[in-house]
Amino acid sequence: MQKQTIFISGSSRGIGRATALQLAREGYDIVLHGRAPSEALSQTLEDVKVLGVNVRALTFDVTDREETQQKLLDDIEENGMYWGIVVNAGITDDVTFAGMTPESWDRVLRTNLDSFYSVVQPLVMPMVKTRRGGRIVAVSSISGVMGNRGQVNYSAAKAGLIGAVKALALELASRKITVNAVAPGLIETDMIEDFVLEHALPLIPMKRMGTADDVAHAIAFLVSDKASYITRTVLEIDGGLHG
Ligand code: NDP
């Protein structure tokens, strides 16, 4: 079988890192990504390498559309097209809407939503042209499904991702390319601040935060051959929070 390569945006840390490690354990070659070179990215590169697969790392700011597209196109020209793309890089900038600055709105929308266009659009035709099918998974959030106070910007961006996934899935279904979203609830990573935890934990039926591995397993399933008939869905990984 031809080895399959997966690109994961924002895989220096957190959910992206856990996804890269899980996919490497399952034998995929990995293209890591971070905003800029960092210790975390180098460490993840080393940790994936130990698992015996091919791995390389790209760095670019996903809010810089030109740079994002150029780096990705250069990479696939040199190394070939990916089997799967995981659009994971994201940020929060929580504040009630009344106090939300235009910068906060723009930064969150650009990082979480516009990056879907910048990362996926240049790769769509190359993926179609492989004639092997493929996988696209966007990391949305339960905030995009339910809305969350203090996160009007983030909820809008993550809901937008779900719309993008549902529309693109229709365009690519006949090409055997599946397009899905995962919607994690509260996951233990750098992104979560203590006050969020205090407020949200009592609302989670399973009474615990999720782990990055909980999300990584779901993404790995959607990327796998086992999920070849699953497209245009949103898989919630939230301990029952939304239901
Ligand atoms: P982390 O903060 O742990 O990691 C964020 C990752 O995104 C890092 O790799 C970071 O790179 C990268 N990144 C952020 N901004 C940019 C940018 N402008 N350009 C390039 N890379 C960028 O986050 P999580 O692992 O918690 O989150 C991953 C995804 O999961 C996000 O989309 C988030 O919204 C989503 N999510 C998280 C939940 C949670 O509870 N943690 C819940 C629901 C969804 P670098 O290290 O170089 O900065």
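This text goes with the structure placed above it.
What counts as what
Residues numbered from 1 in each chain as written. Predicted model: local features only at pLDDT ≥ 70, side-chain atom pairs only at ≥ 80, totals over all residues. Heavy atoms only, no water. Axes fitted to C-alpha atoms, helices over the stretch in contact; angles between N-to-C directions. Helix = DSSP H or I, 4+ residues; strand = E, 2+ residues; numbered from the N terminus. Parallel < 35°, antiparallel > 145°, perpendicular 65-115°, else oblique. Left-handed = near helix turned anticlockwise from the far one by under 90°. Contact = heavy atoms within 4.5 Å. Core = buried A, V, L, I, M, F, W, Y, C linked by side-chain atoms within 4.5 Å. Buried < 20%, exposed > 50% of the residue type's maximum accessible area, 1.4 Å probe, protein only. Patch = residues over 30% accessible without salt bridge, like charges linked within 9 Å, V, L, I, M, F, W, Y side chains within 5 Å. Areas by Shrake-Rupley, 256 points an atom, 1.4 Å probe, with all protein chains shown as cover. Salt bridge = Lys/Arg side-chain N within 4 Å of Asp/Glu carboxyl O. Near = heavy atom within 4 Å. Polar contact = N/O pair within 3.5 Å; in protein donor to acceptor, adjacent residues only side chain to side chain. Nonpolar A, V, L, I, M, F, W, Y, C, P; charged D, E, K, R; others polar. Expected span 1.5 Å × (residues − 1). Bend = angle between axes of the 7 residues up to and from the residue.

A. How the structure looks around the packing of helix H3 (residues 65-79) against helix H4 (residues 102-130). Across the interface, H3 lies against H4 with an axial gap of 9 Å and an inter-helix angle of 30 degrees. The orientation of H3 with respect to H4, classified from their angle, is roughly parallel. Here H3 runs over H4; the crossing is right-handed. Touching Arg65, Thr68, Gln69, Leu72, Leu73 and Ile76 of H3 are Asp114, Tyr117, Ser118, Val119, Pro122, Leu123 and Pro126, all from H4.

B. Spatial organisation of the nonpolar core. Counting residues in each nonpolar core, the largest one holds 31 residues, and the members touching the most others are Ile30, Val48 and Ile219. Counting residues per element, the ones that place at least two in this core are strand E1 (5-8), helix H1 (14-25), strand E2 (29-34), helix H2 (39-49), strand E5 (134-139) and helix H8 (212-223). The next biggest cluster of nonpolar side chains, apart from the first, holds 29 residues, and it includes Leu58, Val87, Val165 and Ile177.

C. Just the environment of aspartate 114, in detail. Considering the arrangement of structural elements, one finds aspartate 114 in helix H4. Taking the relative accessible area as the measure of exposure, aspartate 114 reaches 29% and is therefore partly exposed. Once the C-alpha coordinates of aspartate 114 and methionine 206 are considered, the two residues, 92 residues apart in sequence, prove to be 33 Å apart. Not counting residues up to four positions away in its chain, the partners in contact with aspartate 114 are Arg65 and Leu109.

D. Representation of a nonpolar patch on the surface within the structure. Together, Phe97, Trp105 and Val152 give the surface a local cluster of nonpolar side chains, amounting to about 270 Å² of exposed area. Relative to the elements of secondary structure, phenylalanine 97 occurs in the loop between strand E4 (84-87) and H4.

E. Representation of the site of the ligand within the structure. Every one of the 31 residues lining the ligand counts as a neighbour, but Ser12, Asn88, Tyr154, Ile187 and Thr189 are closest to it. Measuring from an oxygen atom of the ligand, one finds a side-chain N or O atom of arginine 13 at 2.8 Å. The backbone of arginine 35 places a nitrogen or oxygen atom 2.8 Å from an oxygen atom of the ligand. Coverage of the ligand by the protein chains reaches 95% of its 900 Å² of free accessible surface. Contributing elements (two or more residues each) for the shell around the ligand: H1, E2, H4 and helix H6 (152-172). Residue classes in the shell around the ligand are distributed as 13 nonpolar, 14 polar and 4 charged.

F. Representation of H4 within the structure. Taking 1.5 Å of rise per residue, 29 residues should cover 42 Å, and H4 covers 41 Å from first to last C-alpha, within 8% of that figure. At aspartate 114, H4 shows its largest bend, some 45 degrees. Directly beyond the C-terminal end of H4, a positive phi value near 60 degrees is found at arginine 131.

Read these as spatial facts, not as claims about activity.
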